[in-house]
Amino acid sequence: MCGIVGYIGKKNAVPILIDGLKKLEYRGYDSSGIAIYSNNHIIIEKSKGRLTNLEEKIENKNFNSHLGIGHTRWATHGEPSDLNAHPHTNTEETIAVIHNGIIENYLELKNFLESECNIKLKSETDTEVIAHLIDYYFEGNLLDAVYKAVHRMEGAYAIGVICKNEPDKLIAVRKDSPLIIGIGENENFIASDIPAILKHTKNILLVENNEFVEITKDTIQIYDNLKRTVDRKPFEVTWDIESAEKEGYEHFTLKEIHEQPRAVLNTLNHNLKNGKINFENLKITKEELQAFDKIYIIGCGTAYNAGLIGKYALKKFAGINAICDIASEFRYNDPLIDEKTLVICISQSGETLDTLQSLRLAKEKGAKILSIVNIVGSSLTRESDYIFYTLGGPEIGVASTKIFTCQLLGFYLISLHFAKLLNKMNDDEISTYINELTTIPNKIESILNNQDQIKKISSMQFNNESIFYMGRNIDMEIAYESSLKLKEISYINSFAIGAGELKHGTIALVKENTFVISFATQENLFDKMVSNIKEIKARGAHVLTVVKESSKNIENLCDEILKIPNTFDIFTPLLSIIPMQLLAYYISVMRGNDVDKPRNLAKSVTVE
Ligand code: F6R
């Protein structure tokens, strides 16, 4: 999710832009850059990676400027690199542009610029065409040129433009991407989000869709699409920076748990066309799929747990028996791989070293790679043959939540697609499952709207020293993920087990008041789970059981029952994980932990 910021005024723009970009870091980014006007030139500095790289680059340059724009980029067109980072310029570097969004007709505009204007584009981005197009139309008035350029563009955009020939002006435009203006004294700002400028002003103007803004240090004029002036009253922000970034949530983890309905919906919508699966980057043919005689699924941590559930989906829908392995085991286990092998790699970051090295090992042996990834342009995506993007947006909290549900969704869609290619299911059967998937966002929402029970259980259990989880089949895999979530953010000792394994040793740990969370969402295994619950109840355990709303009544048997909305058994993980994420979250908060950054953990594990 790109972030933009711009400044015009009497102060030095550079530290204001850098500070603003820092405040937008939470949106996620892979590169950053600034453009400033200084000594009759537009100066551009940009860098791949963290903002500190950009800061180091400009550290000793003593830039001083009253006008500038800055950008944090979340790659969409073209990999993260210095070259693809914003701002982008026209050939003579007299115009600089930052952009958040996607220009959908960028290829058409690129062809026009290359063939009709003989312009050579330097980057792989859609944004660069905007700078050249503005230059093409520039006849001495920047605002007019921006109007003409924007009228040729289709897509979503929040754009900031500066021009060497009009150094007293900053132009901004918005359609479907966020843009606000900050009003200061002898200075004004633009940004994609209020936190970027909140330090300097609380006086904010919202820019609406299809509006253009001409900003000087003392004036702000908004125009509509037909260049008629628009009057808009500013409003005063009453909240502080911290809560603004987290949109009112106490932690990013909680915000991300709450973002799941939208994350799942985005991922679903992006991969469906007229109710049918339509993948953009996963063009596998029937012949290619039939040629594989082995499928491995690999990942680490939560991504691996998603793979465990994916294995069930591949079997149920496509009749494929996949092998799921932890990446750090797979790579040292002499896996049997050849050119008839498909390896499915799962990773939020796309940079986890064990997963990457497993991919490389598999490729060396001739396998094809399908990756389920969140970060566009990450190493995993660059080295894969087929890609499924989870479109959950940036995940800041170290504990993976919303991307886990998107990874599950990815597996369901891929498995249904494979079922079609392999003639394992007919269109009607596939539609039935897809229709059910479209109901999932609302069902997640309904769980999120009823948190009282989870909060109460958290307040009863947060001081517990150990919490166990059990289930069978797909419920066992969700028990693993629930336990991992609890461990990493609450630091409570926890394990998960296949309920049938209890009596082979682990039941020795169960004593009076041992808190056990059991999952009984699978109809064919319900009675087996009831027996397991009885076994541990007989030893004094305190049992909470997660069931579907339509489940048989076992309230007398358990201490607590937690109901999730009905869905097909294969899809229950999409719902049963939500209260477990909330439980881990509230327990972590009650224990006074740093929820978003748990001890000893990093968001992206790029070491072995
Ligand atoms: C757990 C968690 C980790 C990651 C694991 C893999 O909440 O976040 O277990 O799932 O480190 O990371 P990615 O998905 O980036 O490969």
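The shown structure was predicted, so the numbers you read here are calculated from the model rather than taken from an experiment.

Caption draft 1: Focus on the overall build of the protein chain. Helix and strand content of the protein chain: 19 helices and 27 strands. For 608 residues, the compact-globule estimate of 2.2 N^0.38 gives 25 Å, and the protein chain sits close to it at 26 Å. By principal-axis analysis of the C-alpha atoms, the protein chain measures approximately 85 × 55 × 45 Å. Taken over 608 residues, the protein chain has a buried fraction of 60%.

Caption draft 2: A look at the site of the ligand. Around the ligand, the surrounding shell holds 14 residues, and the nearest of these are Ser 347, Gln 348, Ser 349, Thr 352 and Glu 488. Between the ligand and the protein, one listed contact pairs an oxygen atom with a side-chain N or O atom of Ser 349 at 2.6 Å. Look at the ligand: alone it shows 410 Å² of surface, and the protein chains cover 89% of it. Counting residues per element, the ones that place at least two in the shell around the ligand are α10 (301-318) and α17 (474-490). No other element matches α10, which puts three residues into the shell around the ligand.

Caption draft 3: Summary view of α10. Between its first and last C-alpha, α10 extends 25 Å over 18 residues, near the 26 Å set by a 1.5 Å rise per residue. Along α10, 14 of the 18 residues are buried, which leaves the element largely enclosed by surrounding structure.

Caption draft 4: Main features of the domain arrangement of the protein chain. Entries for the protein chain in the domain assignment read domain 1 (3-242), domain 2 (246-438) and domain 3 (452-590). On a C-alpha basis, the centroid separation for the pair domain 1 and domain 3 is 50 Å.

Caption draft 5: A look at the nonpolar core. Formed by 86 residues in total, the largest nonpolar core has its most connected members in Phe 317, Tyr 412, Phe 418, Leu 437, Tyr 469 and Ile 517. Lining this core are residues from two domains, each supplying at least three of them: domain 2 (246-438) and domain 3 (452-590). The residues contacting Phe 418, other than those within four sequence positions of it, are Ile 284, Leu 289, Leu 314, Ala 318, Ile 320, Leu 342 and Leu 370. By size, the runner-up hydrophobic cluster in this structure holds 32 residues, among which are Ile 95, Val 97, Ile 130 and Ile 134.

Caption draft 6: Quick peek at the side chain of Thr 401. Tracing the sequence through the fold places Thr 401 in the loop between β22 (386-389) and α14 (402-421). A relative accessible area of 1% places Thr 401 in the buried class.

Caption draft 7: Representation of the pattern of salt bridges. Within the structure shown, the criterion is met by 28 salt bridges. One salt bridge in this structure joins Glu 93 and Lys 122, with 3.9 Å as the shortest N-O distance. A residue pair is termed long-range when its members are at least 10 positions apart, and Glu 93 in the loop between β5 (88-89) and β6 (95-103) and Lys 122 in the loop between α3 (106-116) and α4 (127-137) qualify at 29 residues. Note on Glu 93: relative accessible area 36%, which makes it partly exposed. For Asp 559, the salt bridge is made with Lys 537, and the minimal N-O distance between the two is 2.8 Å.

Caption draft 8: Quick peek at the packing of aromatic side chains. Tallied over the entire structure, the rule returns 14 aromatic pairs. When the ring of Tyr 412 is compared with that of Phe 571, the centres are 4.7 Å apart and the planes differ by 75°; the resulting orientation is edge-to-face. In this pair, Tyr 412 is assigned in helix α14 and Phe 571 in the loop between β27 (560-564) and α19 (573-590), connecting sequence segments 159 residues apart. A residue is classified by how much of its surface remains accessible, and Tyr 412, at 1% relative accessible area, is buried. Put simply, the rings of Phe 317, Tyr 412, Tyr 433, Phe 568 and Phe 571 pair up and form one aromatic cluster.

Caption draft 9: Structural context of the packing of helix α8 (residues 260-270) against α14. At their nearest, the axes of α8 and α14 sit 9 Å apart, and the two run at 30° to each other. It follows that α8 is roughly parallel to α14 by the angle criterion. For the pair α8 and α14, the sense of crossing is right-handed. Here Gln 260, Ala 263, Val 264, Thr 267 and Leu 268 of α8 come into contact with α14, specifically with Lys 402, Thr 405, Cys 406, Leu 409 and Leu 413.

Caption draft 10: Structural view of the sheet that holds strand β25 (residues 515-519). On the basis of which strands lie adjacent, the open sheet formed by five strands has the order β24-β23-β25-β26-β27 and parallel pairing. Edge positions in the sheet fall to β24 (493-498) and β27, since each of these pairs with one other strand and no more. Strand-to-strand, the axes of this sheet are offset by a mean angle of 20°, without reference to chain direction. As judged from the four bridges shared by strand β23 (residues 466-471) and β25, these two strands associate in the parallel manner.

Caption draft 11: Representation of the sheet that holds β22. If you trace the five strands from one edge of the open sheet to the other, you get β19-β18-β20-β21-β22, paired in parallel fashion. Strand pairing shows two members of the sheet lacking a second neighbour, β19 (323-326) and β22, which therefore form its edges. Strand-to-strand twist of the sheet, defined as the mean angle between neighbouring strand axes without regard to direction, takes the value 20°. In this sheet, strand β20 (residues 341-347) lies alongside strand β18 (residues 294-299) in parallel orientation, the contact comprising five bridges. Pairing of Lys 294 across the sheet is with Thr 341, part of β20. Against the sheet, α10 touches β18, β19 and β20, its axis set at about 150° to β18.

Caption draft 12: How the structure looks around the packing of α10 against α17. Packing of α10 against α17 leaves a shortest axis separation of 9 Å and a crossing angle of 170°. Between α10 and α17, the crossing angle belongs to the class labelled roughly antiparallel. Residues Gly 301, Thr 302, Asn 305, Leu 308, Ile 309 and Tyr 312 of α10 pack against Ile 474, Glu 477, Ile 478, Tyr 480, Glu 481, Leu 484 and Lys 485 of α17.

Caption draft 13: How the structure looks around helix α2 (residues 51-58). Buried within α2 are the following residues: Leu 51, Leu 54 and Ile 58. Along the axis of α2, the buried positions cluster into a sector of 60°, meaning they face one direction only. Residues of α2 that are buried in the fold lie against α1 (13-23), β2 (31-38) and β3 (41-48).

Caption draft 14: Layout of the pairing of β18. Among the six residues of β18, five are classified as buried, and the element is accordingly described as predominantly covered. Pairing analysis gives four bridges linking β18 to β19, with the strands arranged parallel. Residue Ile 298 lies in a different strand from β19, and its bridge partner there is Asp 325. Handedness of the β-α-β unit built from β18, α10 and β19 comes out right-handed.

Conventions and cut-offs
Residues numbered from 1 in each chain as written. Predicted model: local features only at pLDDT ≥ 70, side-chain atom pairs only at ≥ 80, totals over all residues. Heavy atoms only, no water. Helix = DSSP H or I, 4+ residues; strand = E, 2+ residues; numbered from the N terminus. Rg over C-alpha atoms; globule rule 2.2 N^0.38 Å. Buried < 20%, exposed > 50% of the residue type's maximum accessible area, 1.4 Å probe, protein only. Near = heavy atom within 4 Å. Polar contact = N/O pair within 3.5 Å; in protein donor to acceptor, adjacent residues only side chain to side chain. Areas by Shrake-Rupley, 256 points an atom, 1.4 Å probe, with all protein chains shown as cover. Expected span 1.5 Å × (residues − 1). Domains from an automatic or database assignment. Core = buried A, V, L, I, M, F, W, Y, C linked by side-chain atoms within 4.5 Å. Contact = heavy atoms within 4.5 Å. Salt bridge = Lys/Arg side-chain N within 4 Å of Asp/Glu carboxyl O. Phe/Tyr/Trp six-rings, centres within 6.5 Å; stacked < 30°, edge-to-face > 60°. Axes fitted to C-alpha atoms, helices over the stretch in contact; angles between N-to-C directions. Parallel < 35°, antiparallel > 145°, perpendicular 65-115°, else oblique. Left-handed = near helix turned anticlockwise from the far one by under 90°. Pairing = 2+ DSSP bridges. Arc of directions from axis to C-beta. Right-handed = clockwise from strand over helix to strand, strands pointing away.

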